[in-house]
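Letter by letter, the chains look like this.
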Amino acid sequence: MAQFRFMDLDIWKESITLNDQLFDLVDALSDAKSYRVAEQLRGSSLSISNNIAEGSGSFSSKDFANFLNIARRSVFETANISYVAYRRKFIDKEKLDRILNDLELLSKKITNFRKSLL
């Protein structure tokens, strides 16, 4: 068992793996024209794992479910920013498709875990 509850959650582990991938992408977007998009992408992807972790410290399942809802919304924000990055030609279609597929799968898992709490 991990030190903190969230460390045992598959959705948190997957969100951290996704963070690593997106942070690597953001590091590659270091020029001035893509800086704001890169920082938004970093923030939205970090928000996913942050809300899962923070919610796991809740005293009630209902409160935890609320944090999971926020995490899921951050998945959608990350998808939108990724699409904008593609439209601005900061990433290619293949990279976008991989990101969107990973985000869609994570969204479904967060939703299913949230339903199990309620």
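Keep in mind that what you see is a predicted model, and the values were worked out from it rather than measured.

Visitor: Sorry, what's going on with the packing of aromatic side chains here?
Guide: Where two aromatic rings form a pair, the distance of their centres and the angle of their planes describe that pair. Summed over the entire model, instances satisfying the criterion amount to four aromatic pairs. For the ring pair phenylalanine 6 and tryptophan 12, a centre distance of 4.9 Å and an interplane angle of 65° mean the geometry is edge-to-face. For the pair formed by phenylalanine 6 and tryptophan 12, the shared burial category is buried. Seen in terms of ring centroids, phenylalanine 64 and phenylalanine 113 are 5.7 Å apart; in terms of plane orientation they differ by 75°. Their pairing is edge-to-face. One end of the pair, phenylalanine 64, is in helix H3 (residues 61-87); the other, phenylalanine 113, is in helix H4 (residues 93-117), with 49 residues separating them in the sequence. For phenylalanine 64, a relative accessible area of 1% puts it in the buried group.

Visitor: Is there a simple way to explain the side chain of serine 107 in this structure?
Guide: Turning to its location among the elements, serine 107 is positioned in helix H4. Residue serine 107 is classed as buried on the basis of its relative accessible area of 8%.

Visitor: Would you explain the environment of aspartate 92 in this entry?
Guide: Inspection of the secondary structure assignment puts aspartate 92 in the loop between H3 and H4. Expressed as a C-alpha distance, the spacing of aspartate 92 and leucine 25, which sit 67 residues apart in the sequence, is 11 Å. A distance of 2.8 Å separates the side chain of aspartate 92 from the backbone nitrogen of lysine 95, its partner in a polar contact.

Visitor: Hey, could you run me through the packing of helix H2 (residues 35-56) against H3 in this one?
Guide: In contact at an axis separation of 8 Å, H2 and H3 are set at 165° when each is read in the N-to-C sense. Taken together, H2 and H3 sit at an angle that is classed as roughly antiparallel. Here the hand of the crossing between H2 and H3 comes out left-handed. Residues Val37, Gln40, Leu41, Ser44, Ser45, Ser47, Ile48, Asn51, Ile52, Glu54, Gly55 and Ser56 of H2 pack against Phe64, Phe67, Leu68, Ile70, Ala71, Ser74, Val75, Glu77, Thr78, Ile81, Ser82 and Ala85 of H3. Partitioning the contact of H2 with H3 into residue classes produces twelve nonpolar, ten polar and two charged.

Visitor: Looking at this structure, I do not really get the pattern of salt bridges. What am I missing?
Guide: As a working rule, side chains carrying opposite charge can pair if their charged atoms are close by. Enumeration according to the criterion identifies six salt bridges in this entry. Residue arginine 98 pairs with glutamate 94 through a salt bridge whose shortest N-O separation is 3.0 Å. Of this pair, arginine 98 and glutamate 94 both sit in helix H4, four residues apart, which is roughly one turn of that helix. Glutamate 94 sits in the exposed class, given a relative accessible area of 53%. Close ionic contact of lysine 108 with glutamate 104 constitutes a salt bridge, the shortest N to O distance being 3.7 Å.

Visitor: Would you mind showing me how to read the nonpolar core here?
Guide: Here is a general trend for soluble globular proteins: nonpolar side chains tend to be buried in one another's company. Within the largest apolar cluster, 30 residues are counted, with the highest numbers of intra-cluster contacts made by Ile52 and Ile110. For this core, the secondary structure elements donating two or more residues are helix H1 (10-28), H2, H3 and H4. In terms of residue count, H3 provides more of this core than any other element does, seven residues in total. Apart from residues no more than four positions distant in its own chain, isoleucine 110 is found in contact with Ile11, Ile48, Ile52, Leu68, Ala71, Arg72 and Val75.

Visitor: Just to check I follow, could you spell out the packing of H1 against H4 for this structure?
Guide: The relative placement of two packed helices is expressed as an angle between their axes plus a distance between the axes. Viewed as axis vectors pointing N to C, H1 and H4 meet at an angle of 160°, and their least axial separation amounts to 10 Å. Here H4 runs roughly antiparallel to H1, going by the angle between their axes. Read as a crossing pair, H1 and H4 show a hand that is left-handed. Contacts from Ile11, Glu14, Ser15, Leu18, Gln21, Leu22 and Leu25 in H1 reach Lys95, Ile99, Asp102, Leu103, Leu106, Lys109, Ile110 and Phe113 in H4.

What counts, and where the lines are drawn
- Within every chain, residues take consecutive numbers counted from 1 along the sequence as written.
- Residues qualify for local features only when their pLDDT is at least 70, as the model is predicted, and side-chain atom pairs are given and counted only at 80 or more; totals for whole chains, interfaces and linings, by contrast, use all residues.
- As a rule here, side-chain values cover all heavy atoms of the structure and leave hydrogens and water aside.
- Pairing of aromatic rings covers Phe, Tyr and Trp, the last counted by its six-membered ring, and requires centre-to-centre distances within 6.5 Å; plane angles under 30 degrees mean stacked, over 60 mean edge-to-face, and any other angle means tilted.
- Each residue is assigned to one of three classes by its accessible area relative to the maximum for its type, calculated with a 1.4 Å probe on protein chains only: buried under 20%, partly exposed between the two thresholds, exposed over 50%.
- Only runs of H or I of at least four residues qualify as helices and only runs of E of at least two qualify as strands under DSSP, and these elements are numbered from the N terminus.
- Polar contact is defined as a pair of N or O atoms within 3.5 Å, subject to the rule that within protein one atom must be able to donate a hydrogen and the other to accept it, and that residues adjacent in sequence are counted only when both atoms are side-chain atoms.
- Helix axes use the C-alpha atoms of the stretch in contact, all axes being lines fitted to C-alpha atoms, and the angles between their N-to-C directions lie in the range 0 to 180 degrees.
- Note on angle classes: values under 35 degrees are labelled roughly parallel, values over 145 roughly antiparallel, values of 65 to 115 roughly perpendicular, and the remainder oblique.
- Note on convention: the crossing is left-handed when the near helix lies turned anticlockwise from the far helix by less than a right angle, right-handed when the turn is clockwise.
- In this analysis, two residues are considered to be in contact whenever any of their non-hydrogen atoms come within 4.5 Å of each other.
- Just so you know the grouping, Ala, Val, Leu, Ile, Met, Phe, Trp, Tyr, Cys and Pro go in nonpolar, Asp, Glu, Lys and Arg go in charged, and all remaining residues, Gly too, go in polar.
- Think of a salt bridge as a Lys or Arg side-chain nitrogen and an Asp or Glu carboxyl oxygen that are within 4 Å of each other.
- Joining through side-chain atoms within 4.5 Å is the link that ties buried Ala, Val, Leu, Ile, Met, Phe, Trp, Tyr and Cys residues into a set, and such a set is a nonpolar core.

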